[in-house]
Amino acid sequence: MARIGIIGSEGRMGQALVRAIADAGHEYAGGVDRGGDPAALADRSDVLVDFSAPVALEANVHAAIGAGIPILIGTTGLEERHHTAIDNVARAIAVLQTGNTSLGVTVLAQLVREAAARLGPEWDIEIVEMHHRRKVDAPSGTALLLGEAAAQGRGIELAAHRESGRDGHTGERRQGAIGFAALRGGTIAGEHSVILAGEEERLILSHGAENRMIFARGAIRAAEWLIGRAPGRYTMDDVLDPTAR
């Protein structure tokens, strides 16, 4: 039984995590939200799970370092400076940062990486995502995760090939570009499709989230896996790697 602390416990994802902890037979060590003390929570936890906000990242990872425990970061909307901070933190503790904790999305990203590598730059890649009306960042963390997978398959940097927010007279599509389209509405937990369009054929790889619990269950499985790991930066791929048990 692991003691799991949640940062962002009052949000919809936080509430799902509390249920997932109970379902997995672990102990809910407690939660903190805006204005709370993550250091006190870290001191009574074996691992932290952070689904809060980018502005809280620094305090949250420092709390984990102070307690000498791992942290899973599922917060989306992170910028380059946040990733640099995570790289630094990973020298001291085990950190898993991901845009999506779904096990299905993890496998989808692996398939996207392989497809992009095999089909080559002649195939256009477009990523379409749709989420509920209350989501505040776009493209979604999952869409960016899938874009990174496509870029890795091609051996390129996503930042140099990313296209999003097309509007007006944009001209022809750049060869090798990875495009993003974000849709918002209703109560959709998350839908993602990666379209690889070639000459007279298309390959579409998709994932649909029917309930937020899929992310909560994946996060708790990853949190379990992190406990006792050596310092470093890990991914959901590592969690599903049978050689890393």
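The structure this text deals with has already been given above.
The structure presented is a predicted model; accordingly, all values stated were derived computationally and were not measured. (Residues numbered from 1 in each chain as written. Predicted model: local features only at pLDDT ≥ 70, side-chain atom pairs only at ≥ 80, totals over all residues. Heavy atoms only, no water.)

Side note on the packing of helix 5 (residues 103-119) against helix 6 (residues 141-154)
The relative placement of two packed helices is expressed as an angle between their axes plus a distance between the axes.
Alright, step 1. Following both chains from N to C, one finds helix 5 and helix 6 inclined at 35°, their axes separated by 7 Å at the closest point. In the packing of helix 5 onto helix 6, the handedness of the crossing is right-handed. Along the contact surface, helix 5 presents Val105, Leu108, Ala109, Val112, Arg113, Ala116 and Ala117, while helix 6 presents Thr142, Leu145, Leu146, Ala149, Ala150, Gln152, Gly153 and Arg154.
Alright, step 2. Considering only residue class, the contact of helix 5 with helix 6 consists of 10 nonpolar, 3 polar and 2 charged. (Axes fitted to C-alpha atoms, helices over the stretch in contact; angles between N-to-C directions. Helix = DSSP H or I, 4+ residues; strand = E, 2+ residues; numbered from the N terminus. Left-handed = near helix turned anticlockwise from the far one by under 90°. Contact = heavy atoms within 4.5 Å. Nonpolar A, V, L, I, M, F, W, Y, C, P; charged D, E, K, R; others polar.)

Observations concerning the sheet that holds strand 10 (residues 201-209)
Where strands meet in a sheet, backbone hydrogen bonds hold them as pairs that are either parallel or antiparallel.
Alright, step 1. Pairing within the open sheet is mixed, and its 5 strands lie in the order 7-8-6-9-10. On the outer flanks of this sheet lie strand 7 (162-164) and strand 10, each paired with one strand and no other. Averaged over all neighbouring strand pairs, the angle between strand axes comes to 20°, with direction disregarded.
Alright, step 2. Note: strand 6 (residues 124-131) against strand 9 (residues 190-198), 7 bridges, orientation antiparallel. Bridged to Ile125 within strand 9 is Leu196. (Pairing = 2+ DSSP bridges.)

A few points about the packing of aromatic side chains
What describes a pair of aromatic rings is the distance from one ring centre to the other and the angle between the planes of the rings.
Alright, step 1. On inspection of all chains with the given rule, the structure shows 1 aromatic pair.
Alright, step 2. Above the ring of Trp225, the side-chain terminus of Arg229 is found at 3.8 Å from the ring centroid. (Phe/Tyr/Trp six-rings, centres within 6.5 Å; stacked < 30°, edge-to-face > 60°. Lys NZ or Arg CZ within 6 Å of the ring centre and 35° of its normal.)

Re the pattern of salt bridges
Alright, step 1. The full count for this structure, using the stated rule, is 12 salt bridges.
Alright, step 2. Between Arg118 and Glu114 there is a salt bridge; the shortest N-O distance is 2.9 Å. Pair noted here: Arg118 and Glu114 are both in helix 5, with a separation of 4 residues, about one helical turn.
Alright, step 3. A salt bridge links Asp124 to Arg173, with the nearest nitrogen and oxygen atoms 3.3 Å apart. Linking Asp124 in strand 6 with Arg173 in the loop between strand 7 and strand 8 (178-184), this pair joins segments that are 49 residues apart in sequence.
Alright, step 4. Through salt bridges that share partners, Asp124, Glu126, Glu163, Arg166, Arg173 and Arg174 make up one connected network. (Salt bridge = Lys/Arg side-chain N within 4 Å of Asp/Glu carboxyl O.)

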